[in-house]
Amino acid sequence: MSTFAIVSLIILAVLAIALVVLFFLGRKAQKRQEEQQAQIEAMKQTVSMLVIDKKRMKIKKRSKSPLILA
């Protein structure tokens, strides 16, 4: 066998091993994410918020004392 063939086989083997490792790590991470999503769904709460919209007025129209304007 030539040197090129040996190097190509080694690189191919390393890539195959890397793909297998990434496949199993991805499955493990996906299971963990699904468990976390289930916990999030179980702990979900409805929150009602009161939002008060304040409009900006010109300085002269505000009811401030004259000392503040000076």
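Cut-offs used in this document
- Residues numbered from 1 in each chain as written.
- Predicted model: local features only at pLDDT ≥ 70, side-chain atom pairs only at ≥ 80, totals over all residues.
- Heavy atoms only, no water.
- Helix = DSSP H or I, 4+ residues; strand = E, 2+ residues; numbered from the N terminus.
- Buried < 20%, exposed > 50% of the residue type's maximum accessible area, 1.4 Å probe, protein only.
- Areas by Shrake-Rupley, 256 points an atom, 1.4 Å probe, with all protein chains shown as cover.
- Patch = residues over 30% accessible without salt bridge, like charges linked within 9 Å, V, L, I, M, F, W, Y side chains within 5 Å.
- Salt bridge = Lys/Arg side-chain N within 4 Å of Asp/Glu carboxyl O.

**As for the overall build of the protein**
Along its length, the protein carries 2 helices and 0 strands. Expressed as a percentage of the 70 residues in the protein, the buried residues total 0%. About 7,600 Å² of surface is accessible on the protein, with carbon and sulfur atoms providing 66% of the total.

**Some details on a nonpolar patch on the surface**
On the surface, a cluster of nonpolar side chains totalling about 640 Å² of accessible area is made up of Met1, Ile6, Leu9, Ile10, Leu12 and Val14. By secondary structure assignment, the location of isoleucine 6 is in helix α1 (residues 3-43).

**With respect to the pattern of salt bridges**
Within this structure, the stated rule accounts for 1 salt bridge. Linking lysine 44 and glutamate 41 is a salt bridge whose minimum nitrogen-to-oxygen distance equals 3.2 Å. By relative accessible area, glutamate 41 is classed as partly exposed at 42%.

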